[in-house]
Amino acid sequence: MKCRVCREPAVIDVRRQNANYCVAHFFRMCRDQVAKAVEQFGMIAPGERVLVAVSGGKDSLAVWDLLVDAGYDADGLYLGLGIGDYSDESGAYVRRYAKARGLTLTEVDLPDDYGYDIQTGSRAARRAPCSACGLSKRHLFDKAAIDGGYDVVVTGHNLDDEAAVLFGNVLRWQTGYLGRQLPVLPARHGFPRKVKPLVRLSERETAAYCVLKGIDYIVDECPMAKGNRHLGYKEALNAIEATSPGTKFDFYFGFLARASAAFQAEAEAEQEGLRPCRSCGAPTPGEICAFCRLVERAGGTLPPGEEPPAAGAVPVTLGARLPSPDAVSP
Ligand code: Q46
Ligand code: ZN
Ligand code: ZN
């Protein structure tokens with residue numbers, strides 16, 4: 001097996017490209033794919049301040065590493081979800097990486113700062129754990145980006161993630177979600193832009209990138225992920241990809257090029273009529289947003305400045321913020 005570029009011994013094959021790479025040219029391919037995604041979708045402009053949502057897993061550490069190497073001013077944000085040993089360990093991986101590279105890391109801890117964890121939140125709100133988790137993450141990423149004056153929030157969603165989410169949304173024809181499944185969600189109404197620079201790289205490639213670059217990441221899956229639909233969709237797509245390399249890429253990028261625009265009007269319409277949450281200012285169709293309701297039901301507390309106003313008090317809003325429409329992230 002020889003490197004496609006230099007003909008030296010290769011360390012990895014990338015079947016959808018029908019190519020093998022040595023370490024140096026594999027790194028170059030990863031950097032090129034990220035640069036291409038950033039440029040193709042207008043993700044990040046030079047000089048913008050970037051906040052990377054890091055979980056301690058391979059994807060988020062890889063994207064942080066790739067953006068820093070590409071010269072972006074990228075800080076990290078870690079959310080402690082209170083998922084037992086998994087959260088303790090994943091936080092440790094993030095801190096070690098940030099320290100080793102001398103990068104700025106902000107941390108928010110659900111149990112310490114908001115008084116609940118994913119399990120209690122999930123039970124209290126009668127939502128699946130990943131639904132309570134996704135809601136909390138979206139809210140807190142947006143908030144941290146706005147509070148910190150960042151221009152853009154980066155997440156580590158890769159090609160496998162996006163193809164699996166697309167697959168799930170297509171299987172149920174969730175057209176509102178399909179209209180919002182984009183690699184860039186523009187900043188609107190005070191919310192930061194959200195971007196996914198790894199959409200041109202697969203999960204296997206981000207894992208190989210970390211291993212070859214010496215980035216230590218948490219290998220264990222979140223214990224809450226077991227049996228969730230998203231993993232089933234990934235397995236189904238992997239089975240297809242094994243016999244038809246490139247199918248995932250064509251499925252996702254074909255959707256973006258040829259179908260996604262057809263669903264955007266519906267997705268936009270779903271965002272109309274939202275108003276700022278009386279408690280935190282996030283957009284909501286009701287009085288209090290889903291995040292604030294989750295915190296309340298879980299017996300948690302909002303940090304000072306975010307408590308709901310007392311009954312009868314004049315509502316205090318923190319500005320008209322629209323939600324992250326990225327409601328279908330894994
Ligand atoms: S962290 Fe949260 Fe994931 Fe764990 S509870 Fe589900 S959504 S699986 S990316
Ligand atoms: Zn080479
Ligand atoms: Zn709220």
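Anything mentioned here points back to the structure above.
Quick caveat: nothing in here was measured; it's all calculated off a predicted structure.

Those donors, Cys3 (SG), Cys6 (SG), Cys22 (SG) and His25 (ND1), are the protein atoms that reach the zinc ion (ligand 2), and they lie 2.1 to 2.3 Å from it. Between the four donor atoms coordinating the zinc ion (ligand 2), the angles at the centre fall across 96 to 115°, so the site counts as tetrahedral. Between the donor residues of the zinc ion (ligand 2), the gaps in sequence give the motif C-x2-C-x15-C-x2-H.

So, about the packing of aromatic side chains. Considering all chains together, one arrives at eight aromatic pairs under this definition. Here Phe27 and Tyr209 contribute two aromatic rings whose centre-to-centre distance is 5.4 Å and whose plane-to-plane angle is 70°, an arrangement assigned as edge-to-face. Here the residue Phe27 occupies a position in helix 1 (residues 23-40), and Tyr209 occupies one in helix 9 (residues 203-213), the gap between them amounting to 182 residues. Accessibility expressed as a relative area gives 13% for Phe27, which makes it buried. Here Tyr209 falls in the buried class, since its relative accessible area comes to 2%. When the ring of Phe167 is compared with that of Tyr233, the centres are 5.8 Å apart and the planes differ by 85°; the resulting orientation is edge-to-face. Remark: Tyr233 occurs in helix 10 (residues 229-243) and Phe167 occurs in helix 7 (residues 159-171); sequence separation between them is 66 residues. Given a relative accessible area of 13%, Tyr233 falls into the buried group. The structure contains a cluster of three or more aromatic residues connected by ring pairs, namely Phe41, Phe249, Tyr252 and Phe253. Over the ring of Tyr150 we find Arg49; its NZ or CZ atom is 4.1 Å from the centre of that ring.

Here Val63 is to be found in helix 2 (residues 58-69). Of the residues examined, Val63 reaches a relative accessible area of 0% and is grouped as buried. In sequence terms Val63 and Pro129 are 66 residues apart; their C-alpha atoms lie 25 Å from each other. Excluding anything up to four places from it in sequence, Val63 contacts Val52, Val154, Thr155, Gly156, Pro197 and Leu198.

Looking now at helix 7. In this model, helix 7 (13 residues) spans 18 Å end to end at C-alpha, consistent with the 18 Å of a helix rising 1.5 Å per residue. Across the 13 residues of helix 7, 11 count as buried, placing the element largely inside the fold. Three or more residues of helix 7 are buried, namely Leu159, Asp160, Asp161, Glu162, Ala163, Ala164, Val165, Leu166, Phe167, Gly168 and Asn169. Close packing links the buried residues of helix 7 with helix 2, helix 8 (175-180), helix 9, helix 10 and helix 11 (247-258). The residue sitting at the N-terminus of helix 7 and contributing the capping side-chain oxygen is Asn158; that oxygen lies 3.0 Å from the backbone nitrogen of Asp160.

Another aspect to go through is the site of ligand 1. Taken together, eight residues sit near ligand 1, with Cys130, Cys133, Lys137, Cys222 and Met224 positioned nearest. Grouping the amino acids of the shell around ligand 1 by side-chain chemistry returns seven nonpolar, no polar and one charged.

Before going further, it helps to spend a moment on the pairing of strand 5 (residues 105-109). The pairing of strand 4 (residues 73-80) with strand 5 spans five bridges and is classified as parallel. In the sheet register, Leu77 faces strand 5, and the bridge partner there is Thr106.

Next up on the list: the side chain of Asn158. Position of Asn158 among the secondary structure elements: in the loop between strand 6 (152-154) and helix 7. A distance of 3.0 Å separates a polar atom in the side chain of Asn158 from the backbone nitrogen of Asp160. Beyond its immediate stretch of four places on either side in the chain, Asn158 contacts Asp59, Leu198, Val199, Leu201, Ser202, Glu203 and Thr206.

Four donors placed tetrahedrally around a metal ideally meet at 109.5 degrees, and six donors placed octahedrally ideally meet at 90 or 180 degrees. Around the zinc ion (ligand 3), the protein contributes the donor atoms Cys277 (SG), Cys280 (SG), Cys289 (SG) and Cys292 (SG), at 2.2 to 2.3 Å from the metal centre. In this structure, the zinc ion (ligand 3) is coordinated by four donor atoms arranged in tetrahedral fashion, with angles at the metal of 106 to 113°. Mapping the donors of the zinc ion (ligand 3) onto the primary sequence yields the spacing C-x2-C-x8-C-x2-C. Exposure class is identical for Cys277 and Cys280. Each is buried.

Structurally, Ser131 is set in helix 6 (residues 129-147). Counting along the chain gives 51 residues from Ser131 to Leu182, while the straight-line C-alpha distance between them is 20 Å.

Before going further, it helps to examine helix 13 (residues 290-297). Phe291, Cys292, Leu294 and Val295 are the residues of helix 13 that are buried. Axial view of helix 13: buried residues confined to an arc of 160°, hence all on one face. Those residues of helix 13 that are buried are in contact with helix 4 (110-114), helix 5 (118-125) and helix 6. Gly299 occupies a position one or two residues after helix 13 and carries a positive phi of about 75°.

Turning to the nonpolar core, a few remarks are in order. Judged by nonpolar contacts, the single largest core of 53 residues is most densely connected at Phe26, Ile44, Val52, Trp64 and Leu67. If we ignore the near neighbours within four places in the chain, the residues touching Phe26 are Ile12, Tyr21, Glu205, Ala208, Tyr209 and Leu212. In terms of nonpolar packing, the next biggest core, distinct from the first, is built from 36 residues, Leu51, Leu135, Cys222 and Phe291 among them.

The rules behind each value
- Residues numbered from 1 in each chain as written.
- Chains lettered and ligands numbered in written order.
- Predicted model: local features only at pLDDT ≥ 70, side-chain atom pairs only at ≥ 80, totals over all residues.
- Heavy atoms only, no water.
- Donors = N, O, S within 2.8 Å, 3.2 Å for Na, K, Ca; no water.
- Tetrahedral: all angles 85-135°; square planar, octahedral: opposite > 155°, others 65-115°.
- Phe/Tyr/Trp six-rings, centres within 6.5 Å; stacked < 30°, edge-to-face > 60°.
- Helix = DSSP H or I, 4+ residues; strand = E, 2+ residues; numbered from the N terminus.
- Buried < 20%, exposed > 50% of the residue type's maximum accessible area, 1.4 Å probe, protein only.
- Lys NZ or Arg CZ within 6 Å of the ring centre and 35° of its normal.
- Contact = heavy atoms within 4.5 Å.
- Expected span 1.5 Å × (residues − 1).
- Polar contact = N/O pair within 3.5 Å; in protein donor to acceptor, adjacent residues only side chain to side chain.
- Near = heavy atom within 4 Å.
- Nonpolar A, V, L, I, M, F, W, Y, C, P; charged D, E, K, R; others polar.
- Pairing = 2+ DSSP bridges.
- Arc of directions from axis to C-beta.
- Core = buried A, V, L, I, M, F, W, Y, C linked by side-chain atoms within 4.5 Å.

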